[in-house]
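# Residue-level structural notes
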Amino acid sequence: MHALVQGLILGVLTGGVYALMASGQTLVFGIMKVVNLAQGALVVLGAYLSYQLFVSYGIDPFLAIPVTAVVMFALGVGVHLAVLRPLRREDRAELSLLVTFAVALLIEGVIGVVWNTTRRSINTSYANDSWTVAGYQITVVRFAAFALSAAALGLLILLLHRTRFGRAVRATVQNPESARLLGVRAERVAALGFGLGAATAAAAGSVYGLLYPFNAGSHYDLISLLLSIVVLGGLGSIGGAIAGAMIISVSSAVVASTISPSWAPMTFFVLLLAVLLVRPQGLFGRPA
Amino acid sequence: MLLRIERVVAGYGAGDVLRGIDLDVAEGGVTCLIGPNGAGKSTLLRTVSGLLRPSRGRVLFRGEDLGRRGPRERLLLGIVHVPQERSLFPAMTVRDNLLMGGYLLRDQRLLRERIDRAVAAFPICARRAGAHAGSLSGGEQKQVELARTLLLDPALVLLDEPSIGLDPRSRRQVFESVRQLAGAGRTILLVEQNARSGLAAADTGAVLDGGVVRLVAPAARLLDDPEVARLYLGAGPAEHKAERSRDE
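One structure accompanies this document, and this report is about it. (Residues numbered from 1 in each chain as written. Chains lettered and ligands numbered in written order. Predicted model: local features only at pLDDT ≥ 70, side-chain atom pairs only at ≥ 80, totals over all residues.)

### Comments concerning the nonpolar core
Residues Ile229 of chain A together with Leu158, Val178 and Leu190 of chain B are the most contacted members of the largest nonpolar core, which totals 170 residues. Beyond its immediate sequence surroundings of up to four residues, Ile229 of chain A is in contact with Tyr18, Ala22, Ala241, Gly244, Ala245 and Ile248 of chain A. (Core = buried A, V, L, I, M, F, W, Y, C linked by C-beta atoms within 7 Å. Buried ≥ 20, exposed ≤ 12 C-beta atoms within 10 Å, placed from the backbone. Contact = placed C-beta atoms within 7 Å.)

This is the structure in C-alpha coordinates:
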(Lines give C-alpha, C1' and ligand atoms only; values in the text may rest on other atoms or scores of the structure.)
Protein backbone atom coordinates (compact mmCIF):
# COMPACT_ATOMS: atom_id res chain seq x y z
CA MET A 1 0.00 0.00 0.00
CA HIS A 2 2.83 2.35 0.93
CA ALA A 3 4.57 1.66 -2.39
CA LEU A 4 1.31 2.30 -4.26
CA VAL A 5 0.72 5.70 -2.61
CA GLN A 6 4.39 6.66 -3.07
CA GLY A 7 4.04 5.70 -6.74
CA LEU A 8 0.88 7.80 -7.03
CA ILE A 9 2.62 10.84 -5.54
CA LEU A 10 5.58 10.46 -7.86
CA GLY A 11 3.27 9.90 -10.85
CA VAL A 12 1.18 13.01 -10.21
CA LEU A 13 4.23 15.23 -9.66
CA THR A 14 5.95 13.97 -12.81
CA GLY A 15 2.66 14.08 -14.75
CA GLY A 16 2.44 17.83 -14.23
CA VAL A 17 5.84 18.26 -15.90
CA TYR A 18 4.87 15.96 -18.78
CA ALA A 19 1.65 17.97 -19.22
CA LEU A 20 3.61 21.20 -19.57
CA MET A 21 5.92 19.60 -22.16
CA ALA A 22 2.98 18.21 -24.13
CA SER A 23 0.86 21.38 -23.99
CA GLY A 24 3.07 23.10 -26.59
CA GLN A 25 2.91 20.06 -28.84
CA THR A 26 -0.87 19.85 -28.74
CA LEU A 27 -1.30 23.63 -29.11
CA VAL A 28 0.74 23.68 -32.32
CA PHE A 29 -1.17 20.71 -33.71
CA GLY A 30 -4.48 22.33 -32.84
CA ILE A 31 -3.68 25.59 -34.61
CA MET A 32 -1.77 24.33 -37.62
CA LYS A 33 -2.48 20.58 -37.85
CA VAL A 34 1.30 20.21 -37.69
CA VAL A 35 2.88 17.35 -35.72
CA ASN A 36 5.93 19.15 -34.38
CA LEU A 37 8.68 16.54 -34.11
CA ALA A 38 11.03 19.28 -32.89
CA GLN A 39 9.14 19.81 -29.61
CA GLY A 40 11.38 17.34 -27.74
CA ALA A 41 14.50 19.04 -29.10
CA LEU A 42 13.09 22.43 -28.06
CA VAL A 43 12.61 21.10 -24.51
CA VAL A 44 16.22 19.86 -24.50
CA LEU A 45 17.43 23.21 -25.86
CA GLY A 46 15.46 24.90 -23.05
CA ALA A 47 17.27 22.65 -20.56
CA TYR A 48 20.66 23.64 -22.02
CA LEU A 49 19.87 27.37 -21.95
CA SER A 50 18.81 27.00 -18.34
CA TYR A 51 21.95 24.99 -17.58
CA GLN A 52 24.17 27.67 -19.14
CA LEU A 53 22.53 30.49 -17.17
CA PHE A 54 22.98 28.41 -14.02
CA VAL A 55 26.68 27.53 -14.51
CA SER A 56 27.71 30.92 -15.95
CA TYR A 57 25.69 33.32 -13.80
CA GLY A 58 24.33 31.16 -10.97
CA ILE A 59 20.73 31.91 -12.02
CA ASP A 60 18.33 29.37 -10.57
CA PRO A 61 16.59 27.38 -13.36
CA PHE A 62 13.15 28.43 -12.10
CA LEU A 63 14.14 32.09 -12.19
CA ALA A 64 15.72 31.66 -15.63
CA ILE A 65 12.40 30.72 -17.21
CA PRO A 66 11.24 34.27 -18.09
CA VAL A 67 14.51 34.77 -19.99
CA THR A 68 14.60 31.37 -21.74
CA ALA A 69 10.88 31.55 -22.54
CA VAL A 70 11.30 34.89 -24.35
CA VAL A 71 14.33 33.61 -26.29
CA MET A 72 12.57 30.38 -27.24
CA PHE A 73 9.36 32.24 -28.17
CA ALA A 74 11.37 34.30 -30.65
CA LEU A 75 13.08 31.15 -31.90
CA GLY A 76 9.70 29.42 -32.37
CA VAL A 77 8.29 32.35 -34.35
CA GLY A 78 11.49 32.36 -36.43
CA VAL A 79 11.27 28.61 -37.13
CA HIS A 80 7.66 29.00 -38.22
CA LEU A 81 8.44 31.90 -40.55
CA ALA A 82 11.55 30.24 -41.98
CA VAL A 83 10.46 26.66 -42.56
CA LEU A 84 6.73 26.13 -41.99
CA ARG A 85 5.09 29.20 -43.47
CA PRO A 86 6.66 28.68 -46.93
CA LEU A 87 5.00 25.24 -47.18
CA ARG A 88 1.82 25.19 -49.23
CA ARG A 89 -1.17 25.01 -46.90
CA GLU A 90 -2.47 21.78 -48.43
CA ASP A 91 0.93 20.02 -48.13
CA ARG A 92 1.73 21.38 -44.70
CA ALA A 93 0.42 18.50 -42.58
CA GLU A 94 2.54 15.88 -44.38
CA LEU A 95 5.67 17.90 -45.10
CA SER A 96 5.77 19.36 -41.60
CA LEU A 97 6.76 15.93 -40.25
CA LEU A 98 9.93 15.99 -42.34
CA VAL A 99 10.58 19.69 -41.81
CA THR A 100 10.17 19.63 -38.02
CA PHE A 101 12.28 16.46 -37.80
CA ALA A 102 14.98 18.34 -39.73
CA VAL A 103 14.65 21.21 -37.22
CA ALA A 104 15.09 18.67 -34.38
CA LEU A 105 18.26 17.31 -36.01
CA LEU A 106 19.54 20.85 -36.53
CA ILE A 107 18.96 21.72 -32.87
CA GLU A 108 20.66 18.45 -31.85
CA GLY A 109 23.64 19.34 -34.07
CA VAL A 110 23.93 22.87 -32.68
CA ILE A 111 23.74 21.56 -29.10
CA GLY A 112 26.45 18.99 -29.95
CA VAL A 113 28.73 21.72 -31.30
CA VAL A 114 28.15 24.20 -28.45
CA TRP A 115 27.94 21.88 -25.46
CA ASN A 116 29.32 18.59 -26.94
CA THR A 117 27.55 15.29 -26.27
CA THR A 118 28.49 14.76 -22.60
CA ARG A 119 25.49 14.33 -20.31
CA ARG A 120 24.77 17.41 -18.22
CA SER A 121 22.69 17.97 -15.14
CA ILE A 122 21.69 21.04 -13.18
CA ASN A 123 22.77 20.50 -9.58
CA THR A 124 21.17 23.18 -7.43
CA SER A 125 21.75 23.44 -3.69
CA TYR A 126 18.31 21.91 -3.09
CA ALA A 127 18.70 19.12 -5.66
CA ASN A 128 18.79 16.37 -3.01
CA ASP A 129 16.43 17.92 -0.43
CA SER A 130 13.19 16.19 0.37
CA TRP A 131 10.26 16.38 2.75
CA THR A 132 8.65 13.51 4.57
CA VAL A 133 4.87 13.90 4.77
CA ALA A 134 2.93 11.21 6.65
CA GLY A 135 5.74 8.78 5.94
CA TYR A 136 5.95 9.56 2.21
CA GLN A 137 9.00 11.10 0.54
CA ILE A 138 8.49 14.19 -1.61
CA THR A 139 11.60 15.65 -3.22
CA VAL A 140 11.70 19.44 -3.20
CA VAL A 141 12.79 19.65 -6.83
CA ARG A 142 9.98 17.43 -8.05
CA PHE A 143 7.37 19.32 -6.02
CA ALA A 144 8.66 22.69 -7.23
CA ALA A 145 8.72 21.37 -10.81
CA PHE A 146 5.09 20.28 -10.45
CA ALA A 147 4.05 23.61 -8.92
CA LEU A 148 5.79 25.55 -11.68
CA SER A 149 4.27 23.36 -14.38
CA ALA A 150 0.81 23.81 -12.88
CA ALA A 151 1.32 27.58 -12.74
CA ALA A 152 2.61 27.71 -16.34
CA LEU A 153 -0.31 25.61 -17.56
CA GLY A 154 -2.71 27.84 -15.61
CA LEU A 155 -1.23 30.90 -17.31
CA LEU A 156 -1.50 29.22 -20.71
CA ILE A 157 -5.15 28.32 -20.10
CA LEU A 158 -5.89 31.87 -18.88
CA LEU A 159 -4.19 33.25 -21.99
CA LEU A 160 -6.29 31.02 -24.22
CA HIS A 161 -9.60 31.73 -22.46
CA ARG A 162 -9.37 35.30 -21.25
CA THR A 163 -7.58 37.22 -23.99
CA ARG A 164 -8.40 38.34 -27.51
CA PHE A 165 -5.36 36.46 -28.82
CA GLY A 166 -6.44 33.32 -26.96
CA ARG A 167 -9.94 33.52 -28.45
CA ALA A 168 -8.39 33.87 -31.90
CA VAL A 169 -6.21 30.80 -31.25
CA ARG A 170 -9.17 28.71 -30.08
CA ALA A 171 -11.29 29.92 -32.98
CA THR A 172 -8.55 29.00 -35.46
CA VAL A 173 -8.24 25.56 -33.86
CA GLN A 174 -11.97 24.93 -34.16
CA ASN A 175 -12.81 26.45 -37.53
CA PRO A 176 -9.94 28.13 -39.42
CA GLU A 177 -12.01 29.42 -42.35
CA SER A 178 -14.65 30.91 -40.10
CA ALA A 179 -11.93 32.58 -38.01
CA ARG A 180 -10.48 34.07 -41.19
CA LEU A 181 -13.89 35.38 -42.19
CA LEU A 182 -14.09 37.20 -38.85
CA GLY A 183 -10.77 38.95 -39.43
CA VAL A 184 -8.29 36.61 -37.72
CA ARG A 185 -4.93 36.53 -39.48
CA ALA A 186 -4.44 32.76 -39.49
CA GLU A 187 -0.74 32.91 -40.39
CA ARG A 188 0.02 35.37 -37.60
CA VAL A 189 -1.87 33.23 -35.09
CA ALA A 190 0.06 30.18 -36.35
CA ALA A 191 3.43 31.95 -35.96
CA LEU A 192 2.59 33.22 -32.45
CA GLY A 193 1.14 29.80 -31.55
CA PHE A 194 4.36 28.10 -32.63
CA GLY A 195 6.28 30.64 -30.57
CA LEU A 196 4.05 29.93 -27.59
CA GLY A 197 4.69 26.19 -28.04
CA ALA A 198 8.43 26.88 -27.97
CA ALA A 199 8.04 29.09 -24.87
CA THR A 200 6.29 26.24 -23.03
CA ALA A 201 9.21 24.03 -24.13
CA ALA A 202 11.58 26.55 -22.49
CA ALA A 203 9.71 26.33 -19.18
CA ALA A 204 9.47 22.54 -19.46
CA GLY A 205 13.18 22.40 -20.35
CA SER A 206 14.21 24.19 -17.17
CA VAL A 207 12.18 21.74 -15.14
CA TYR A 208 13.37 18.74 -17.15
CA GLY A 209 17.00 19.79 -16.64
CA LEU A 210 16.42 19.87 -12.88
CA LEU A 211 14.88 16.41 -12.79
CA TYR A 212 16.95 14.42 -15.27
CA PRO A 213 20.46 14.39 -16.76
CA PHE A 214 20.35 15.24 -20.47
CA ASN A 215 22.42 15.37 -23.62
CA ALA A 216 21.85 16.37 -27.23
CA GLY A 217 20.14 13.07 -28.09
CA SER A 218 17.63 13.17 -25.20
CA HIS A 219 14.96 14.52 -27.52
CA TYR A 220 14.39 11.11 -29.15
CA ASP A 221 13.04 9.67 -25.88
CA LEU A 222 11.10 12.85 -25.18
CA ILE A 223 9.33 13.07 -28.52
CA SER A 224 8.02 9.49 -28.31
CA LEU A 225 6.72 10.26 -24.82
CA LEU A 226 5.14 13.57 -25.93
CA LEU A 227 3.48 12.00 -28.96
CA SER A 228 2.07 9.20 -26.81
CA ILE A 229 0.63 11.78 -24.40
CA VAL A 230 -1.01 13.99 -27.02
CA VAL A 231 -2.38 11.03 -28.99
CA LEU A 232 -3.81 9.52 -25.79
CA GLY A 233 -5.35 12.83 -24.71
CA GLY A 234 -6.54 13.81 -28.18
CA LEU A 235 -4.50 15.93 -30.57
CA GLY A 236 -5.19 19.64 -30.19
CA SER A 237 -6.66 19.57 -26.68
CA ILE A 238 -4.80 21.13 -23.73
CA GLY A 239 -7.15 19.34 -21.31
CA GLY A 240 -6.40 16.12 -23.17
CA ALA A 241 -2.65 16.72 -22.86
CA ILE A 242 -3.02 17.17 -19.08
CA ALA A 243 -5.18 14.03 -18.75
CA GLY A 244 -2.89 12.02 -21.05
CA ALA A 245 0.21 13.11 -19.14
CA MET A 246 -1.33 12.20 -15.80
CA ILE A 247 -2.55 8.80 -17.00
CA ILE A 248 0.80 7.88 -18.52
CA SER A 249 2.86 9.19 -15.64
CA VAL A 250 0.74 7.79 -12.81
CA SER A 251 0.32 4.35 -14.42
CA SER A 252 4.06 4.09 -15.12
CA ALA A 253 5.02 5.22 -11.60
CA VAL A 254 2.50 2.92 -9.91
CA VAL A 255 3.59 -0.11 -11.95
CA ALA A 256 7.25 0.77 -11.38
CA SER A 257 6.80 1.04 -7.62
CA THR A 258 4.47 -1.92 -7.11
CA ILE A 259 5.56 -4.45 -9.78
CA SER A 260 8.84 -3.63 -11.47
CA PRO A 261 10.40 -0.56 -13.14
CA SER A 262 11.06 -2.65 -16.24
CA TRP A 263 7.28 -2.98 -16.81
CA ALA A 264 6.65 0.75 -16.57
CA PRO A 265 7.28 1.82 -20.21
CA MET A 266 5.12 -1.02 -21.49
CA THR A 267 2.24 -0.02 -19.22
CA PHE A 268 1.56 3.27 -20.93
CA PHE A 269 1.86 1.82 -24.41
CA VAL A 270 -0.72 -0.84 -23.45
CA LEU A 271 -2.96 1.92 -22.06
CA LEU A 272 -2.45 3.97 -25.22
CA LEU A 273 -3.44 1.03 -27.43
CA ALA A 274 -6.47 0.24 -25.25
CA VAL A 275 -7.74 3.84 -25.38
CA LEU A 276 -7.15 4.14 -29.13
CA LEU A 277 -9.09 0.94 -29.76
CA VAL A 278 -12.12 2.43 -27.99
CA ARG A 279 -11.62 6.12 -28.93
CA PRO A 280 -9.37 6.50 -31.99
CA GLN A 281 -9.50 10.29 -31.58
CA GLY A 282 -8.04 10.05 -28.04
CA LEU A 283 -9.74 10.90 -24.76
CA PHE A 284 -10.58 14.54 -25.50
CA GLY A 285 -10.11 14.65 -29.28
CA ARG A 286 -12.92 15.32 -31.72
CA PRO A 287 -13.64 12.69 -34.40
CA ALA A 288 -12.19 13.62 -37.82
CA MET B 1 -24.63 50.83 -56.48
CA LEU B 2 -23.33 49.04 -53.36
CA LEU B 3 -21.78 46.04 -55.10
CA ARG B 4 -20.83 45.66 -58.74
CA ILE B 5 -19.44 42.41 -60.12
CA GLU B 6 -17.89 42.81 -63.57
CA ARG B 7 -17.04 39.87 -65.85
CA VAL B 8 -15.69 37.84 -62.93
CA VAL B 9 -14.02 34.52 -63.74
CA ALA B 10 -13.04 32.35 -60.75
CA GLY B 11 -12.77 28.72 -59.69
CA TYR B 12 -10.75 26.09 -57.92
CA GLY B 13 -7.61 24.54 -59.43
CA ALA B 14 -7.78 24.25 -63.18
CA GLY B 15 -11.57 24.58 -63.62
CA ASP B 16 -13.51 27.87 -63.72
CA VAL B 17 -16.82 27.85 -61.85
CA LEU B 18 -17.68 31.48 -62.55
CA ARG B 19 -17.36 32.19 -66.26
CA GLY B 20 -17.89 35.92 -66.61
CA ILE B 21 -20.36 37.00 -63.94
CA ASP B 22 -21.95 40.44 -64.20
CA LEU B 23 -24.21 41.50 -61.34
CA ASP B 24 -25.21 44.76 -59.67
CA VAL B 25 -26.57 44.80 -56.13
CA ALA B 26 -28.25 48.01 -55.05
CA GLU B 27 -28.04 49.32 -51.49
CA GLY B 28 -30.72 47.95 -49.14
CA GLY B 29 -32.98 44.95 -49.49
CA VAL B 30 -32.41 41.28 -50.15
CA THR B 31 -31.06 39.85 -53.40
CA CYS B 32 -31.47 36.10 -53.71
CA LEU B 33 -29.24 34.03 -56.00
CA ILE B 34 -30.89 30.90 -57.30
CA GLY B 35 -29.75 28.25 -59.72
CA PRO B 36 -28.92 24.56 -59.97
CA ASN B 37 -26.16 22.87 -57.96
CA GLY B 38 -22.75 23.81 -59.34
CA ALA B 39 -24.04 27.05 -60.88
CA GLY B 40 -21.47 29.01 -58.87
CA LYS B 41 -23.68 30.65 -56.23
CA SER B 42 -21.46 29.86 -53.22
CA THR B 43 -18.33 30.48 -55.29
CA LEU B 44 -19.63 33.96 -56.10
CA LEU B 45 -20.08 34.73 -52.38
CA ARG B 46 -16.56 33.44 -51.67
CA THR B 47 -15.24 35.73 -54.40
CA VAL B 48 -17.02 38.75 -52.93
CA SER B 49 -15.79 38.06 -49.38
CA GLY B 50 -12.20 37.55 -50.54
CA LEU B 51 -11.86 33.85 -49.74
CA LEU B 52 -11.35 33.25 -53.46
CA ARG B 53 -9.49 35.51 -55.87
CA PRO B 54 -10.97 35.95 -59.34
CA SER B 55 -8.61 35.16 -62.21
CA ARG B 56 -10.33 37.86 -64.29
CA GLY B 57 -12.85 40.64 -63.77
CA ARG B 58 -13.47 43.02 -60.89
CA VAL B 59 -15.50 43.22 -57.71
CA LEU B 60 -16.37 46.82 -56.78
CA PHE B 61 -17.78 47.83 -53.42
CA ARG B 62 -19.16 51.37 -53.26
CA GLY B 63 -17.27 52.02 -56.48
CA GLU B 64 -13.93 50.84 -55.10
CA ASP B 65 -12.16 47.89 -56.75
CA LEU B 66 -11.58 45.30 -54.02
CA GLY B 67 -8.66 43.88 -56.02
CA ARG B 68 -6.42 41.66 -53.92
CA ARG B 69 -7.92 42.63 -50.55
CA GLY B 70 -8.38 39.60 -48.26
CA PRO B 71 -11.39 38.75 -46.05
CA ARG B 72 -10.07 40.87 -43.18
CA GLU B 73 -9.81 44.02 -45.25
CA ARG B 74 -13.24 43.43 -46.81
CA LEU B 75 -14.68 42.85 -43.35
CA LEU B 76 -13.36 46.27 -42.32
CA LEU B 77 -15.14 47.77 -45.33
CA GLY B 78 -18.42 46.25 -44.11
CA ILE B 79 -18.72 42.93 -45.97
CA VAL B 80 -19.61 39.99 -43.72
CA HIS B 81 -19.84 36.42 -45.04
CA VAL B 82 -21.79 33.68 -43.26
CA PRO B 83 -20.72 30.46 -45.01
CA GLN B 84 -22.93 27.49 -45.76
CA GLU B 85 -21.31 25.15 -43.23
CA ARG B 86 -21.91 25.74 -39.54
CA SER B 87 -19.53 28.58 -38.86
CA LEU B 88 -19.72 28.85 -35.07
CA PHE B 89 -16.87 27.64 -32.90
CA PRO B 90 -18.47 24.61 -31.25
CA ALA B 91 -16.31 24.39 -28.12
CA MET B 92 -16.62 28.11 -27.37
CA THR B 93 -19.54 29.65 -25.52
CA VAL B 94 -22.22 31.65 -27.32
CA ARG B 95 -20.83 34.77 -25.68
CA ASP B 96 -17.29 34.03 -26.90
CA ASN B 97 -18.68 33.39 -30.38
CA LEU B 98 -20.30 36.82 -30.30
CA LEU B 99 -17.04 38.36 -29.10
CA MET B 100 -15.30 36.75 -32.09
CA GLY B 101 -17.80 38.52 -34.33
CA GLY B 102 -16.33 41.78 -33.03
CA TYR B 103 -12.73 40.56 -33.21
CA LEU B 104 -11.71 43.61 -35.24
CA LEU B 105 -13.29 46.08 -32.82
CA ARG B 106 -10.66 47.54 -30.50
CA ASP B 107 -13.08 49.87 -28.71
CA GLN B 108 -14.38 47.77 -25.79
CA ARG B 109 -17.30 50.12 -25.06
CA LEU B 110 -18.46 49.92 -28.67
CA LEU B 111 -18.02 46.13 -28.59
CA ARG B 112 -20.26 45.87 -25.51
CA GLU B 113 -22.87 48.14 -27.12
CA ARG B 114 -22.90 46.03 -30.28
CA ILE B 115 -23.21 42.82 -28.25
CA ASP B 116 -26.17 44.30 -26.35
CA ARG B 117 -27.79 45.27 -29.66
CA ALA B 118 -27.21 41.79 -31.15
CA VAL B 119 -28.59 40.14 -28.02
CA ALA B 120 -31.68 42.38 -28.17
CA ALA B 121 -32.28 41.36 -31.79
CA PHE B 122 -31.58 37.67 -31.12
CA PRO B 123 -32.64 36.85 -27.53
CA ILE B 124 -31.35 33.27 -27.85
CA CYS B 125 -27.87 34.77 -27.36
CA ALA B 126 -28.81 35.90 -23.85
CA ARG B 127 -30.68 32.73 -22.95
CA ARG B 128 -27.79 30.46 -24.00
CA ALA B 129 -24.88 32.87 -23.41
CA GLY B 130 -22.87 30.40 -21.34
CA ALA B 131 -23.65 27.30 -23.39
CA HIS B 132 -21.16 25.82 -25.81
CA ALA B 133 -22.24 26.68 -29.34
CA GLY B 134 -21.91 23.01 -30.33
CA SER B 135 -24.65 22.09 -27.87
CA LEU B 136 -27.25 24.34 -29.59
CA SER B 137 -29.80 23.05 -32.10
CA GLY B 138 -29.23 23.82 -35.78
CA GLY B 139 -31.82 26.62 -35.70
CA GLU B 140 -30.35 28.16 -32.56
CA GLN B 141 -26.87 28.04 -34.06
CA LYS B 142 -28.08 29.87 -37.16
CA GLN B 143 -29.67 32.58 -34.97
CA VAL B 144 -26.32 33.06 -33.17
CA GLU B 145 -24.51 33.19 -36.53
CA LEU B 146 -26.87 35.92 -37.70
CA ALA B 147 -26.49 37.80 -34.41
CA ARG B 148 -22.72 37.59 -34.82
CA THR B 149 -22.92 39.36 -38.18
CA LEU B 150 -24.25 42.45 -36.37
CA LEU B 151 -21.08 42.97 -34.34
CA LEU B 152 -19.32 44.87 -37.11
CA ASP B 153 -22.48 46.69 -38.21
CA PRO B 154 -21.96 45.53 -41.82
CA ALA B 155 -23.32 47.17 -44.95
CA LEU B 156 -23.43 43.93 -46.93
CA VAL B 157 -24.18 40.47 -45.52
CA LEU B 158 -23.44 37.43 -47.67
CA LEU B 159 -25.62 34.56 -46.51
CA ASP B 160 -24.93 31.13 -47.95
CA GLU B 161 -27.79 28.64 -47.58
CA PRO B 162 -28.90 29.81 -44.12
CA SER B 163 -31.83 27.37 -43.99
CA ILE B 164 -29.95 24.23 -44.96
CA GLY B 165 -30.58 21.29 -42.62
CA LEU B 166 -33.17 23.16 -40.53
CA ASP B 167 -36.66 22.05 -39.57
CA PRO B 168 -39.58 24.07 -41.02
CA ARG B 169 -40.07 26.19 -37.90
CA SER B 170 -36.37 27.12 -37.70
CA ARG B 171 -36.39 27.83 -41.45
CA ARG B 172 -39.23 30.32 -41.03
CA GLN B 173 -37.36 31.96 -38.15
CA VAL B 174 -34.23 32.29 -40.29
CA PHE B 175 -36.11 33.97 -43.13
CA GLU B 176 -37.80 36.31 -40.65
CA SER B 177 -34.34 37.18 -39.33
CA VAL B 178 -33.08 37.80 -42.86
CA ARG B 179 -35.92 40.29 -43.39
CA GLN B 180 -35.13 41.81 -39.99
CA LEU B 181 -31.48 42.32 -41.01
CA ALA B 182 -32.56 43.91 -44.27
CA GLY B 183 -35.12 46.05 -42.45
CA ALA B 184 -32.32 47.59 -40.43
CA GLY B 185 -30.91 49.06 -43.67
CA ARG B 186 -28.44 46.31 -44.51
CA THR B 187 -28.03 44.76 -47.90
CA ILE B 188 -28.31 40.99 -48.03
CA LEU B 189 -26.96 38.81 -50.81
CA LEU B 190 -28.60 35.46 -50.17
CA VAL B 191 -27.90 32.05 -51.68
CA GLU B 192 -30.70 29.62 -51.00
CA GLN B 193 -31.20 26.04 -52.13
CA ASN B 194 -34.86 26.34 -51.17
CA ALA B 195 -35.31 28.82 -54.03
CA ARG B 196 -38.99 29.59 -53.44
CA SER B 197 -38.48 30.47 -49.77
CA GLY B 198 -35.40 32.49 -50.66
CA LEU B 199 -37.22 34.47 -53.34
CA ALA B 200 -40.20 34.95 -51.06
CA ALA B 201 -37.89 36.69 -48.55
CA ALA B 202 -36.12 38.70 -51.27
CA ASP B 203 -36.74 41.90 -53.17
CA THR B 204 -34.64 40.93 -56.17
CA GLY B 205 -33.76 37.56 -57.65
CA ALA B 206 -30.86 36.56 -59.88
CA VAL B 207 -30.64 33.28 -61.74
CA LEU B 208 -27.15 31.78 -62.06
CA ASP B 209 -26.55 28.87 -64.38
CA GLY B 210 -23.31 27.53 -65.83
CA GLY B 211 -21.25 30.21 -64.09
CA VAL B 212 -23.05 33.19 -65.60
CA VAL B 213 -26.04 35.32 -64.58
CA ARG B 214 -29.00 34.36 -66.82
CA LEU B 215 -31.62 36.68 -65.46
CA VAL B 216 -32.13 39.44 -62.89
CA ALA B 217 -35.66 40.52 -61.97
CA PRO B 218 -37.87 41.43 -59.02
CA ALA B 219 -38.18 38.32 -56.84
CA ALA B 220 -41.99 38.29 -57.09
CA ARG B 221 -41.81 38.23 -60.88
CA LEU B 222 -39.37 35.28 -60.83
CA LEU B 223 -41.70 33.40 -58.50
CA ASP B 224 -44.56 33.85 -60.96
CA ASP B 225 -42.54 33.08 -64.08
CA PRO B 226 -43.58 29.59 -65.23
CA GLU B 227 -40.34 29.07 -67.17
CA VAL B 228 -38.20 29.97 -64.13
CA ALA B 229 -40.44 27.80 -61.96
CA ARG B 230 -40.03 24.84 -64.31
CA LEU B 231 -36.25 25.19 -64.62
CA TYR B 232 -35.12 26.39 -61.22
CA LEU B 233 -37.86 26.24 -58.60
CA GLY B 234 -38.64 22.53 -58.70
CA ALA B 235 -42.32 22.30 -57.81
CA GLY B 236 -44.88 24.57 -59.50
CA PRO B 237 -46.77 27.26 -57.54
CA ALA B 238 -49.63 24.87 -56.64
CA GLU B 239 -47.26 22.24 -55.29
CA HIS B 240 -45.37 24.96 -53.42
CA LYS B 241 -48.54 26.13 -51.67
CA ALA B 242 -49.14 22.55 -50.53
CA GLU B 243 -45.53 22.28 -49.33
CA ARG B 244 -45.80 25.60 -47.47
CA SER B 245 -48.99 24.57 -45.71
CA ARG B 246 -47.25 21.34 -44.62
CA ASP B 247 -44.41 23.46 -43.20
CA GLU B 248 -46.89 25.60 -41.29
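Text resumes after the structure shown.
### Overview of the packing of helix H2 (residues 39–57) of chain A against helix H8 (residues 186–211) of chain A
Residues and elements named next belong to chain A. In the contact formed by H2 and H8, the axes pass within 7 Å of each other and the chain directions differ by 55°. By the angle between their axes, H2 is oblique relative to H8. Relative to H8, the crossing made by H2 is right-handed. Residue-level contacts link Gln39, Leu42, Val43, Val44, Leu45, Gly46, Ala47, Ser50 and Tyr51 of H2 to Gly197, Ala198, Ala201, Ala202, Ala204, Gly205, Ser206, Tyr208 and Gly209 of H8. The residue inventory of the contact of H2 with H8, partitioned by class, reads 11 nonpolar, seven polar and no charged. (Axes fitted to C-alpha atoms, helices over the stretch in contact; angles between N-to-C directions. Helix = DSSP H or I, 4+ residues; strand = E, 2+ residues; numbered from the N terminus. Parallel < 35°, antiparallel > 145°, perpendicular 65-115°, else oblique. Left-handed = near helix turned anticlockwise from the far one by under 90°. Nonpolar A, V, L, I, M, F, W, Y, C, P; charged D, E, K, R; others polar.)

### Observations regarding the interface of chain A and chain B
Across the contact, 14 residues belong to chain A and 17 residues belong to chain B. Residue assignment for the side of chain A that touches chain B shows that the elements contributing at least two residues are helix H6 (164–174) and helix H7 (176–181) of chain A. Top contributing element to the side of chain A that touches chain B by residue count: H6 of chain A, with five residues. Partitioning the side of chain A that touches chain B into residue classes produces five nonpolar, four polar and five charged.

### Let's talk about the sheet that holds strand S7 (residues 156–160) of chain B
Residue and element names in this part refer to chain B. Strand order in the open sheet made by the six strands is S6-S7-S8-S3-S9-S10, with mixed pairing throughout. If you trace the sheet from one side to the other, it starts and ends with strand S6 (79–82) and strand S10 (212–218), each paired once. Adjacent strand axes in the sheet meet at a mean angle of 15°, parallel and antiparallel pairs treated alike. Summarising the sheet, strand S3 (residues 29–34) and strand S8 (residues 187–191) pair through five bridges and their orientation is parallel. Bridged to Gly29 within S8 is Thr187. (Pairing = 2+ DSSP bridges.)

### A look at H8 of chain A
The terminal C-alpha atoms of H8 of chain A, which comprises 26 residues, lie 37 Å apart, in line with the 38 Å expected from a rise of 1.5 Å per residue. Burial within H8 of chain A is extensive, with 21 of its 26 residues counted as buried. (Expected span 1.5 Å × (residues − 1).)

### A word on the sheet that holds strand S1 (residues 3–12) of chain B
Residues and elements named next belong to chain B. Here four strands make up an open sheet; going across it, the order is S2-S1-S4-S5 and the pairing antiparallel. One side of each edge strand has no neighbouring strand; the edge strands of this open sheet are strand S2 (15–25) and strand S5 (64–65). Both S1 and strand S4 (residues 56–61) contribute to a ladder of five bridges, which runs antiparallel. Residue pairing for S4: Glu6 is matched across the bridge by Arg58. Helix H1 (residues 41–49) contacts S1, S2 and S4 of the sheet and is inclined by roughly 70° relative to S2.

### Comments concerning the packing of helix H1 (residues 2–32) of chain A against H8 of chain A
Residue and element names in this part refer to chain A. Viewed as axis vectors pointing N to C, H1 and H8 meet at an angle of 165°, and their least axial separation amounts to 8 Å. Classed by the angle they form, the pair H1 and H8 counts as roughly antiparallel. For the element pair H1 and H8, the recorded crossing hand is left-handed. Looking at the contact of H1 with H8 residue by residue, the classes come out as 18 nonpolar, six polar and no charged.

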